[in-house]
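Below, each chain spelled out in residue letters.
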Amino acid sequence: MALPTYASQLERTWHFIYLVICTLVFVFLIAPILVIVPLSFNAEPYFTYTDKMLSFDPEGYSLRWYDSLLTTGMQAHEAVRDAAWWSDLWHNADWVKAAKNSVIIGFWATILSTVLGTLAALGLARPEMPWRRTIMAILISPMIVPIIIVATGMFFFYSNPCAIVGMDCGRLTSTYTGVIMAHAALGIPFVIITVTATMSGFDQSLIRAAASLGANPRRTFFKVVMPLILPGVISGGLFAFVASFDEVVAVLFIAGPDQQTIPREMWSGIREQISPAILAVATILVIISISLLTTVELLRRRSERLRGVSPR
Amino acid sequence: MSDVASQLTTADGRPLKAALASAQARAKRRAFFLVLPLLLFILITFAIPIGQMLQRSVYNDQFSKSTPALSEWFAANPKGTAPDETAYAALASDLLLMKETRAAGDAGTRINYVVSGTRSMFTKAARGADKLEPPYMETFLDLDKDWNDPRIWNAMRSAASPWTLDFYTIAFDMERDGDGKLTKVDPNQRVYFRLYIKTFFLAGVITAICLLLAFPIAHLLATLPMAKANLLMILVLLPFWTSLLVRTTSWIVLLQGQGVVNDILVALGIIGDDGRLQMIYNQTGTIIAMVHILLPFMVLPLYSVMRVIPESYTRAARSLGATSWTTFRRIYLPQTIPGIGAGVLLVFILAVGYYITPALVGGADGQLFSNMVQFHMTKANWSMAAALATMLLVGVLVLYWLYDRLIGIDKLKLG
């Protein structure tokens with residue numbers, strides 16, 4: 001924004017200071033994320049820029065931390081990189097296992113929360129929905145209630161879920177099902193918020209128009225409603241996926257040794273002995289979040305265009 | 001009017017009013033059935049677990065399950081009765097039971113929560129439970145002269161029933177003296193409630209810093225042309241989308257003794273190499289990292305409110321002779337209040353319950369209340385953890401209710 005021509009000297013100075021402050025805040029926001037990227041290529045096991053790195057000496061950089069990411073936990077990581085080596089990597093490397101777990105858990109949690117969340121958002125968008133406010137507050141609460149409370153509650157409940165009806169039906173702790181259910185519950189607020197926001201711009205008369213043209217409810221949903229809210233549903237799903245992909249406390253409490261995820265590995269990495277390998281993981285995660293952010297941004301624009309509320 | 005309405009009928013002869021009511025009820029049911037699956041899912045995976053956990057804060061049978069005789073004695077004798085020979089006999093028979101079921105440690109731990117240093121009295125007495133002989137009172141006092149301490153007997157009376165408020169007493173930094181009256185514990189032992197207050201205070205500090213940092217950039221984003229604003233918005237959204245653990249790691253890398261910030265300060269000659277600042281693994285580290293993590297939650301609601309404030313208002317104020325400061329204070333700022341309210345409440349709510357960042361970068365003095373809950377979980381003191389969790393939950397739910405009242409849950413937006 002430009003200053004008006006009538007601005008006084010004092011105002012000009014103040015405006016300059018204001019821009020400097022804004023720049024500093026933006027630096028504060030983004031610098032920590034960018035700083036770790038070059039450090040993950042450090043040839044030395046340090047967390048700071050070495051002289052060689054600063055003078056852009058190729059010797060100062062290496063891929064050793066990325067290599068260690070792949071090989072930690074392998075049975076024979078020094079063997080020749082043939083088919084057997086890759087199979088060893090796929091089955092035994094710690095971070096590869098963690099990545100597989102993260103994707104499996106994130107995928108199913110996302111499916112669960114997106115399907116249930118979208119259905120609920122469709123109901124919440126109807127004008128005749130009873131107790132909307134209360135239900136909305138309940139559905140958003142997993143985002144608000146401190147995670148430690150959720151995780152401890154789930155820890156007790158999932159260790160014997162049937163205890164409340166006085167039966168014993170095994171445990172959900174240390175199972176994929178348990179972690180997926182927990183993550184689905186934590187992802188639901190994101191789906192609800194995103195999809196109801198999309199639905200608020202949805203013209204309900206389109207449904208009546210489709211019906212008057214002879215479409216049955218199911219056809220109306222798939223041919224009229226679904227294409228219009230799909231961008232919102234996908235971004236809601238992405239939010240839910242990221243929430244699961246980044247979740248560590250519930251995993252700490254519920255998961256067993258077989259369900260270790262990337263954040264769980266990072267957690268113990270940071271707590272016990274922080275090595276630049278963590279920075280290599282962090283860099284990969286930053287790249288993933290950049291691509292997800294781009295996707296959501298494109299989806300948002302598409303959704304606005306579809307609904308005809310584009311600001312341009 | 002109502003007469004006319006009651007006379008109207010539908011084509012098949014039903015009164016219009018009734019037909020309309022049933023149609024509306026059907027529509028309501030249909031809308032509700034769409035929400036029902038999710039509601040049930042949340043109930044089972046989320047609400048019931050929390051409810052069940054909270055119950056543990058008032059229910060603890062660690063002691064009572066192995067003390068049938070003592071419970072009987074306590075029921076027969078009112079509060080304040082000094083323990084007589086029959087009481088000690090009951091204790092002896094219960095200790096024998098504890099020895100058989102190996103429950104003395106558990107039971108002793110339960111009393112130890114209330115009167116510290118008493119666990120070993122129970123384990124020691126239970127080990128020799130089969131050699132306890134009448135007169136019991138003297139036998140016990142020979143074992144340990146503290147056995148006639150009224151505080152222990154009060155604690156046992158309270159623990160002999162599984163339903164208890166003892167853990168809330170502890171959580172509020174209180175204890176019962178020999179007469180059973182509530183008193184505050186020694187100032188240097190006031191841990192829990194003090195941390196509770198400190199957590200809210202730190203959350204307030206973090207919220208205030210977030211507001212100070214977010215206000216100028218939200219204003220800048222709101223007043224820039226759309227294309228430029230969208231570009232700068234990425235700088236806000238990228239941290240928002242980046243893993244919390246990644247951001248916490250970054251701050252460790254930046255702030256630690258041999259970290260980037262200290263290196264820069266040393267290189268610039270601002271501090272000496274031996275005077276490196278301790279900025280992480282303490283309260284400062286918690287505040288810096290949490291401000292960074294929560295800042296987008298402040299910027300986004302501020303931005304969405306500021307974007308729709310018409311610029312003509314401020315121009316009108318200026319043209320009517322207001323200085324830029326007056327324009328800001330009297331015209332612009334009041335219009336941003338809804339955004340400030342939404343951002344402040346949201347950041348405050350999230351900050352109060354924070355766990356991960358303080359646990360990783362908080363060190364000794366940067367821990368928050370959530371970390372205390374976790375501490376008692378690892379010590380297997382479930383009831384204490386549950387009592388602390390309930391306190392935290394109540395605080396957060398009050399704020400959440402306030403948020404819904406003032407701003408409305410449906411106004412919550414992401415990005």
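Each value, and the rule that gives it
Residues numbered from 1 in each chain as written. Chains lettered and ligands numbered in written order. Predicted model: local features only at pLDDT ≥ 70, side-chain atom pairs only at ≥ 80, totals over all residues. UniProt positions renumbered as here; feature names shortened; annotations may be inferred. Helix = DSSP H or I, 4+ residues; strand = E, 2+ residues; numbered from the N terminus. Rg over C-alpha atoms; globule rule 2.2 N^0.38 Å. Buried ≥ 20, exposed ≤ 12 C-beta atoms within 10 Å, placed from the backbone. Domains from an automatic or database assignment. Contact = placed C-beta atoms within 7 Å. Nonpolar A, V, L, I, M, F, W, Y, C, P; charged D, E, K, R; others polar.

For chain B, the name recorded in an unreviewed UniProt entry is ABC transporter permease, with Celeribacter ethanolicus as its organism. What UniProt states about chain B under its Sequence similarities (unreviewed entry) heading is, verbatim, "Belongs to the binding-protein-dependent transport system permease family. CysTW subfamily." UniProt, in the comment section headed Subcellular location (unreviewed entry), describes chain B in these words: "Cell membrane".

A.B. asks: Whenever I open this one, the overall build of chain B confuses me. Can you help?
C.D. replies: Within chain B, the regular secondary structure consists of 19 helices and two strands. A compact globule built from 415 residues would reach a C-alpha radius of gyration of about 22 Å, whereas chain B, at 31 Å, exceeds it by more than 25%. Each principal axis of the C-alpha distribution contributes one length, and for chain B these read about 95 × 95 × 40 Å. Expressed as a percentage of its 415 residues, the buried residues of chain B come to 41%.

A.B. asks: How should the UniProt feature "transmembrane region" (unreviewed entry) in chain B be read in this particular structure?
C.D. replies: Residues and elements named next belong to chain B. In the numbering used here, UniProt assigns the feature "transmembrane region" (unreviewed entry) to residues 31-50, 200-221, 227-246, 284-305, 339-361 and 381-403. For the annotated span residues 227-246, helix accounts for 90% and strand for 0% of the residues, and the straight-line distance between the end C-alpha atoms is 29 Å. Secondary structure content for residues 381-403 is 96% helix and 0% strand, and the end C-alpha separation is 33 Å.

A.B. asks: Where do I start with the domain arrangement of chain B in this structure?
C.D. replies: Often, the extent of an interface is quoted as the loss of accessible area upon association of its parts. By the assigned domains, chain B splits into domain 1 (2-55), domain 2 (64-189) and domain 3 (194-411). Here the C-alpha centre of domain 2 of chain B lies 54 Å away from the C-alpha centre of domain 1 of chain B.

A.B. asks: What am I meant to see in the UniProt feature "domain: ABC transmembrane type-1" (unreviewed entry) in chain B here?
C.D. replies: Sites flagged by UniProt as "domain: ABC transmembrane type-1" (unreviewed entry) map to residues 196-403 of chain B. The distance separating the terminal C-alpha atoms of residues 196-403 of chain B is 21 Å; by composition the span is 79% helix and 0% strand.

A.B. asks: Looking at this model, I keep getting lost on the interface of chain A and chain B. Mind explaining?
C.D. replies: The interface of chain A with chain B comprises 81 residues on the first partner and 74 residues on the second. Secondary structure elements with two or more residues in the side of chain A that touches chain B: α1 (9-39), α5 (94-125), α6 (132-144), α7 (147-159), α8 (176-200), α10 (217-245), α12 (262-271) and α13 (276-307) of chain A. For the side of chain A that touches chain B, the element with the highest residue contribution is α1 of chain A, accounting for 14 residues. Of the residues in the side of chain A that touches chain B, the class split is 67 nonpolar, eight polar and six charged.

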